[in-house]
Amino acid sequence: MKENFDVKLVENAKYYTPDAEYKRSSWIGDYQEAYRRFLADPDAFWETIARELEWIRPWDRVCEWTYPYARWFVNAQLNITANCLDRHVAGDRRNKVALIWRGEDGKERVYSYQRLLGEVSRFANGLKKLGVKKGDRVCIYMPMVPEQLIAMLACARIGAVHSVVFAGFGTSALNLRINDAEAKVVITADISIRRGKAIPLITIVQEAIVHAPSVEHVVIYRRRKEPPVELHPGREHDFYGIMEDVPAECPCETMDAEDPLFVLYTSGSTGTPKGVVHTCGGYMVGAYYSTKTVFDLKERDIYWCTADPGWITGHTYIVYGPLAVGATVFITEITPDYPDPGSWWKLIQEQQISVFYTAPTAIRTFMKVGEDWPNRYNLSSLRIIGSVGEPLNPEAFEWYYRVIGKSRCPIVDTWWQTETGMQMITTMVGEPMRPGFVGKPIPGVEVDVTDKNGNPVPPGTGGFLVIKRPWPSMLRTVYKNDARYRQYWETISGVYAAGDLAVKGSDGYIMVIGRADDIIIVSGHNIGTAEVESALVSHHAVAEAAVIGKPDAIKGNAIKAFVILRVGNTPSEKLTQDLIYHVRMTLGPVAVPHEIEFVDKLPKTRSGKIMRRVLKAKELGMDPGDISTLEE
Ligand code: WTA
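Residues numbered from 1 in each chain as written. Predicted model: local features only at pLDDT ≥ 70, side-chain atom pairs only at ≥ 80, totals over all residues. Heavy atoms only, no water.

Caption draft 1: Inspection of the site of the ligand at higher detail. Around the ligand lies a shell of 18 residues, among which Asp 413, Thr 414, Thr 418, Asp 500 and Arg 515 are the nearest. Residue Thr 418 places a side-chain N or O atom 2.6 Å away from an oxygen atom belonging to the ligand. At 2.8 Å, a side-chain N or O of Arg 515 approaches an oxygen atom of the ligand. For the ligand, the protein covers 96% of the area, taking 530 Å² as the surface of the free molecule. For the shell around the ligand, the elements supplying multiple residues, two or more each, are α11 (312–325), β20 (411–414) and β27 (510–515). Residue composition of the shell around the ligand, grouped by class: 8 nonpolar, 6 polar and 4 charged. (Near = heavy atom within 4 Å. Polar contact = N/O pair within 3.5 Å; in protein donor to acceptor, adjacent residues only side chain to side chain. Areas by Shrake-Rupley, 256 points an atom, 1.4 Å probe, with all protein chains shown as cover. Helix = DSSP H or I, 4+ residues; strand = E, 2+ residues; numbered from the N terminus. Nonpolar A, V, L, I, M, F, W, Y, C, P; charged D, E, K, R; others polar.)

Caption draft 2: Looking closely at helix α4 (residues 42–50). Buried residues of α4: Pro 42, Phe 45, Trp 46, Ile 49 and Ala 50, and no others. Burial along α4 is one-sided: seen end-on, the buried residues are contained in an arc of 135 degrees. (Buried < 20%, exposed > 50% of the residue type's maximum accessible area, 1.4 Å probe, protein only. Arc of directions from axis to C-beta.)

Caption draft 3: Focus on the sheet that holds strand β30 (residues 542–552). Taken in spatial order, the 3 strands line up as β30-β31-β32 in an open sheet, and their pairing is mixed. Unpaired on one side and paired on the other, β30 and β32 (595–598) mark the two borders of the sheet. The mean inter-strand angle of the sheet, taken between neighbouring strand axes irrespective of direction, is 25 degrees. In the sheet, strand β31 (residues 556–565) pairs with β32 via 4 bridges, with the strands oriented parallel. Bridging from a neighbouring strand, Val 563 pairs with Phe 598 of β32. Each of β30, β31 and β32 touches helix α19 (residues 612–620); the most contacted strand, β30, lies at about 55 degrees to it. (Pairing = 2+ DSSP bridges. Axes fitted to C-alpha atoms, helices over the stretch in contact; angles between N-to-C directions. Contact = heavy atoms within 4.5 Å.)

Caption draft 4: How the structure looks around helix α13 (residues 360–369). The complete set of buried residues in α13 reads Pro 360, Thr 361, Ala 362, Ile 363, Arg 364 and Phe 366. Considering only its buried residues, α13 is in contact with α12 (343–351), β18 (355–358), β19 (384–388), α15 (394–404) and β31. Looking one or two residues past α13, Gly 370 carries a phi angle of roughly 100 degrees, positive in sign.

Caption draft 5: Just the sheet that holds strand β17 (residues 328–332), in detail. Taken in spatial order, the 7 strands of this open sheet run β5-β4-β17-β16-β18-β19-β20, and their pairing is mixed. Because the sheet does not close on itself, it has two edges, and the strands there are β5 (108–112) and β20. The average angle at which neighbouring strand axes cross in this sheet is 15 degrees, direction not considered. Alignment of strand β4 (residues 97–102) against β5, held across 5 bridges, turns out to be antiparallel. By the bridge assignment, Ile 100 is partnered in β5 with Val 110. Contacting β4 and β5, helix α6 (residues 113–129) crosses the sheet at an angle of about 95 degrees to β5.

Caption draft 6: How the structure looks around the domain arrangement of the protein. On domain assignment, one finds that the protein holds domain 1 (20–79 + 260–478 + 497–515), domain 2 (81–253) and domain 3 (519–620). Taking only C-alpha atoms, the centre of domain 1 and the centre of domain 2 are 26 Å apart. Buried surface at the junction of domain 1 and domain 2, both sides included, amounts to about 4,200 Å², of which 55% is carbon and sulfur. It is Asn 79, Tyr 265 and Glu 333 that lose the most area in domain 1 upon contact with domain 2, and together they represent 20% of the buried surface on that side. Viewed at the interface, domain 2 and domain 1 are joined by 5 salt bridges. Put simply, domain 1 and domain 2 have 28 residue pairs in polar contact (both at pLDDT 80 or more) between them. The set of elements that each furnish at least two residues to the side of domain 1 that touches domain 2 consists of β14 (260–266), α10 (280–294), α11, β17 and α12. Considering every element that reaches the side of domain 1 that touches domain 2, the biggest residue donor is α11, with 8 residues. (Domains from an automatic or database assignment. Buried area = accessible area lost by both parts, 1.4 Å probe. Salt bridge = Lys/Arg side-chain N within 4 Å of Asp/Glu carboxyl O.)

Pasting the structure below:
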């Protein structure tokens, strides 16, 4: 087990305790007490939460666990949008603001719960008109605009399974995801706007579906008015066009608790991304419960999660969780550096954001530009601030706590994954926070740090982060690859292996060190080394490639590629740029290597596997460890 964690940090316990009022007024109440209640009767614990929501038919049993398969809320029926929309419209939140969107040009769009329900219903009816039925897969490839959320909710309303692909992915990454899901419809926009520039999304879609036989229709949200993009009749449809001449109401499709709600692709250790499948009932309960208790959302909060709905963080903590709770959600396509590094703080002041959720990579970027920027704005509306996506290092914690939270707001650093569907480890609001550590499992979740045989390791020793019992919002399978699903539970027998390395302090607080596999987390985005390698090898000049993650002060990790050229090609700056461009066009800007080194040879095992560990050790001037399997 590599021990590249800060031993001093594990030994020296330093805590920050928020004002007692936080705990007194929190939904969770006393953490220890809530945790004990869960352990005493896990089914009863989850059942109490599920009862806060609306079901068409109640469950016969809370959980049925046949290792490694779980069914939650067995035989219950529901529709998640009835809980995210209709429930509030029928109750006291009809006129409450559900969604505020801010464009780069300063344009603002505001949706009440009533209006959002209307838009979702009409778009759902439009999809039905195109022949979309329960169980059909729909790919959503859109910028951060309200239409993205409307499209997701409309699919959920009619029982279509959405597969949202982040708009930062390129043609081949999109093609792979459309084909794997066999999507019948792709919903997109003509352009995405970033830092004053229009990025054409529609052309990426048009290229991506050339070899995607399942696609029958493309729905386009046309933002550019002069001239609007032309539509190919019969195949391409206008987003608002399909909402014309349809009934204003769309009854919810009755879904079984275990029917799939969505597929979301995440990088794997192989070249093919995994289609993580989440289901309607358990996911809804997990999203609702964690949003309500971890962010301790109250009726008056204005909540901003800076993620894109194209990632799991956006699915659970922009769309389904906050809307199920009945919160007011703010979203924007404004980047943190445009027009200047004060843009987000200005938005917090203007919108009076009270709960803010972002990523360590953003926090570290803000640290670099200095505290003058946030100090220009009044951030006193903030009540709770959160972090997700990668380890929040102690320096970033301290800065976030002091400069943004004014040494007053609790920080909820939340560990979880696409696969877990909801937050699993954090420091619940009101509990003492420990910089460098995410915290403890939330009530409802049991975790540990073990060796590769599943034996708990002593405090202060590195090990694998595992989850010890099923939870409602766990993934149910990997789309069309159930063997890959079983691996999660079979790698370390009897428990769910998260694939992360971690250390537990003697106080039970958990520090997450990083991935144990070939996934590199760059600015909080999971990138598979194999995906980048195969993109490189698809370039005509490349014979072989190996990719590693190198620690980066801002991004967490940077991608470094080692490339062997085909005979007849010579290294040059131009070729480096060509390769970067090639990866950008195929995989997308998120996966572009930051550094390329041309080499003649790569370290391999005798069986021919590239030993990335050796490359990485050499790059960082570290001991490569056991190299007995190295070729020579
Ligand atoms: C990492 C994002 C440390 C971890 C919700 C995990 C974190 C992977 C944290 C999942 C955190 C996420 N501290 N590491 N608070 N949150 N990670 O699927 O390695 O995009 O396995 O889900 O991100 O990334 P994913």
